[in-house]
Amino acid sequence: MRGMTAYVYWVRGEKFCELARLSIASVRKVDPAADVHVWTDDPDTSRMQGVAWHELHAGRPAMVANLDAQIDALNYLVRGTQVLFLDADTILRRPF
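Before going into details, it helps to say that this report is about the structure given with it. (Residues numbered from 1 in each chain as written. Predicted model: local features only at pLDDT ≥ 70, side-chain atom pairs only at ≥ 80, totals over all residues. Heavy atoms only, no water.)

A sheet is described by the order of its strands in space; here four strands give the open sequence β3-β2-β1-β4, paired in parallel fashion. A single partner strand is all that each edge strand has here, and the edge strands are β3 (52-55) and β4 (82-85). The mean inter-strand angle of the sheet, taken between neighbouring strand axes irrespective of direction, is 25°. By the bridge criterion, six bridges tie strand β1 (residues 5-11) to strand β2 (residues 35-40) in an arrangement that is parallel. Residue pairing for β2: V8 is matched across the bridge by H37. Taken strand by strand, helix α1 (residues 14-30) contacts β1 and β2, and its axis lies near 170° from that of β1. (Pairing = 2+ DSSP bridges. Helix = DSSP H or I, 4+ residues; strand = E, 2+ residues; numbered from the N terminus. Axes fitted to C-alpha atoms, helices over the stretch in contact; angles between N-to-C directions. Contact = heavy atoms within 4.5 Å.)

Structure (structure tokens):
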């Protein structure tokens, strides 16, 4: 039996939040039981419904903040969970 998969995003700003909403919709079509988490360091980014929302300290360069989110996710999620880090512009067409 396949366990639950956590899909993890890092977003900063509305443009990427809108892309992430489309990506998350595609994830949920492929995996209705998806456990979706979004990390952000931008307090002005609007929150998405139906996802676990996590905040990071602001002020880091984008690529560093993305890595911060990945490390935070791995420390937050239950050990043994399959974790997929997705960019906001990723569209899933079939399961990994």
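Moving on to the environment of A34. The topology assignment puts A34 in the loop between α1 and β2. Take A34: its relative accessible area is 12%, and that puts it in the buried class. A34 sits 17 residues away from V51 along the chain, and the two C-alpha atoms are 9.6 Å apart. Non-local contacts of A34, meaning those with residues more than four positions away in its chain, are made with T5, Y7 and V27. (Buried < 20%, exposed > 50% of the residue type's maximum accessible area, 1.4 Å probe, protein only.)

Moving on, we get to the packing of aromatic side chains. Going through the model one piece at a time under the given rule, you end up with one aromatic pair. Taken together, a centroid distance of 6.2 Å and an interplanar angle of 80° make the contact between W39 and Y76 edge-to-face. On the criterion of sequence distance, the pair formed by W39 in strand β2 and Y76 in helix α2 (residues 62-76) is long-range, its members being 37 residues apart. (Phe/Tyr/Trp six-rings, centres within 6.5 Å; stacked < 30°, edge-to-face > 60°.)

Let us look at the pairing of β1. Here is the key point about a regular strand: its side chains alternate between the two faces of the sheet. Judged by how many residues are buried, β1 sits mostly within the fold: seven of seven residues are covered. Burial along β1 is two-sided: T5, Y7, Y9 and V11 and A6, V8 and W10, pointing in opposite directions, are all buried. A crossover connection joins β1 to the parallel β2 through α1; in handedness this β-α-β unit is right-handed. (Right-handed = clockwise from strand over helix to strand, strands pointing away.)

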